[in-house]
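Spelled out from the first residue to the last, the chains are:
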Amino acid sequence: MTTIAIIGAGPGLGAAVARRFGREGHSVALVARDQGRLDALAADLSDEGIVARGFAADVRDTEALRAALDAADATLGTVEILQYSPVPHPDFMRPVLETTPADLLGPLAFSVHGPVTAVRQVLPGMRALGRGTVLFVNGGTAVVPHPDRAGTSIAFAAESAYGHLLHDTLAAEGIHVGQLVIPGAIIAGHHRKDPAVLADTLWGMHTDRHGYRHFADDLDA
């Protein structure tokens, strides 16, 4: 059994992805800051027959993130699938003319240093398996920058570029890297942006392994 590590796991998209991939036989490593919430979600998944554990880490704490992924690998099995999908902090979304260099430290740590740390930590295991998948989940500002959300616009663009470079570089090793762009909010009951529908989309990206960037909905939605 191999593992999907969901970084930024919560009760919405993270839980839906855990259920979708867990039904396919993968164990699930839930990574977020609050151990109590992770334990509660893991217990719910376990009640449904899914092997799941929570590993607390802040994505801006490099050592904690490395330790969480190492613990997941040792406890649940090799991480074959990595999903990076933490929700950005509201204070990252300042207007561009009010954004200082210091204001960009948090977004870049969140959307660049975090993904690079996570990928580098799980890549040796994927290479040993001879396969793997890395899934980046971003909002619409990854593609169309917004002047009132400068931090995420800049950091998501950098994360997108990193993911695209990985996609082109790792394909020959059997490791697929893809990005799902979700314009606007995740909406329960929406025909394209309901968490369960998005989880199916991510499962399809993992299995189909075609292309880098995918859109959950139209950009103006």
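Up top is the structure these notes are about.
Residues numbered from 1 in each chain as written. Predicted model: local features only at pLDDT ≥ 70, side-chain atom pairs only at ≥ 80, totals over all residues. Heavy atoms only, no water.

### Topic: the sheet that holds strand 4 (residues 79-84)
Inference 1: Strands sit in the order 3-2-1-4-5-6-7 across an open sheet of seven strands; the sheet is parallel. The open sheet has two free edges, formed respectively by strand 3 (52-56) and strand 7 (213-215), since each of these has just one partner strand. For this sheet, the mean angle separating the axes of adjacent strands, direction not counted, is 20 degrees.
Inference 2: In the sheet, strand 1 (residues 3-7) pairs with strand 2 (residues 27-32) via five bridges, with the strands oriented parallel. In the strand pairing of strand 2, T3 is matched with S27.
Inference 3: Where helix 1 (residues 13-23) meets the sheet, its contacts fall on strand 1, strand 2, strand 4, strand 5 (132-139) and strand 6 (175-182), and the angle it forms with strand 1 comes to roughly 175 degrees. (Pairing = 2+ DSSP bridges. Helix = DSSP H or I, 4+ residues; strand = E, 2+ residues; numbered from the N terminus. Axes fitted to C-alpha atoms, helices over the stretch in contact; angles between N-to-C directions. Contact = heavy atoms within 4.5 Å.)

### Examining the pairing of strand 2
Inference 1: Taken across its six residues, strand 2 has six buried, putting it largely inside the fold.
Inference 2: Of the two faces of strand 2, the one lined by S27, A29 and V31 and the one lined by V28, L30 and A32 are each fully buried.
Inference 3: The handedness of the strand 1 to strand 2 crossover, carried by helix 1, is right-handed.
Inference 4: Across five bridges, strand 2 lies against strand 3 in parallel orientation. When the sheet's bridge partners are listed, L30 is paired in strand 3 with G54.
Inference 5: In this view, the connection linking strand 2 to its parallel neighbour strand 3 by way of helix 2 (residues 35-47) has right-handed handedness. (Buried < 20%, exposed > 50% of the residue type's maximum accessible area, 1.4 Å probe, protein only. Right-handed = clockwise from strand over helix to strand, strands pointing away.)

### So, the pattern of salt bridges
Inference 1: Evaluation of the coordinates by the stated rule reveals eleven salt bridges.
Inference 2: Among the salt bridges present, the one from R94 reaches D103, with a minimum N-O distance of 3.5 Å.
Inference 3: What makes R94 partly exposed here is its relative accessible area of 36%.
Inference 4: Among the residues examined, D103 registers a relative accessible area of 22% and is labelled partly exposed.
Inference 5: Across the salt bridge formed by R192 and D218, the nearest N and O atoms sit 3.8 Å from each other. Of the two residues, R192 sits in the loop between strand 6 and helix 6 (195-208) while D218 sits in the segment after strand 7, which places them 26 residues apart along the sequence.
Inference 6: Classification of R192 by relative accessible area gives partly exposed; the value is 29%.
Inference 7: The class for D218 is partly exposed, based on a relative accessible area of 45%.
Inference 8: What emerges from the salt-bridge pattern is a single network uniting R20, E24 and D200. (Salt bridge = Lys/Arg side-chain N within 4 Å of Asp/Glu carboxyl O.)

### Some details on helix 4 (residues 105-129)
Inference 1: Look at helix 4: 35 Å from first C-alpha to last across 25 residues, which is about the 36 Å you get at 1.5 Å a residue.
Inference 2: The largest bend in helix 4 amounts to roughly 35 degrees and is located at L123, with the proline P124 lying one to four residues further along.
Inference 3: Downstream of helix 4 by a residue or two, G130 has a phi angle that is positive, lying close to 85 degrees. (Expected span 1.5 Å × (residues − 1). Bend = angle between axes of the 7 residues up to and from the residue.)

### Concerning empty space enclosed by the protein
Inference 1: Applying the stated criterion across every chain, the model contains one cavity of 30 Å³ or more.
Inference 2: Of the volumes computed, that of the largest cavity is approximately 40 Å³.
Inference 3: Considering the residues around the largest cavity, the lining is formed by Y84, P86, F110, S111, V137, N138, F156 and E159.
Inference 4: Mapped onto the lining of the largest cavity, the elements with two or more residues apiece are helix 4, strand 5 and helix 5 (150-170).
Inference 5: Taken together, the residues of the lining of the largest cavity break down into five nonpolar, two polar and one charged. (1 Å grid on protein atoms, 1.4 Å probe; cavity = no way out; pocket = protein on both sides within 12 Å on 5 of 7 lines; lining within 4 Å. Points joined across faces, edges and corners; volume = space filled by probe spheres on them. Nonpolar A, V, L, I, M, F, W, Y, C, P; charged D, E, K, R; others polar.)

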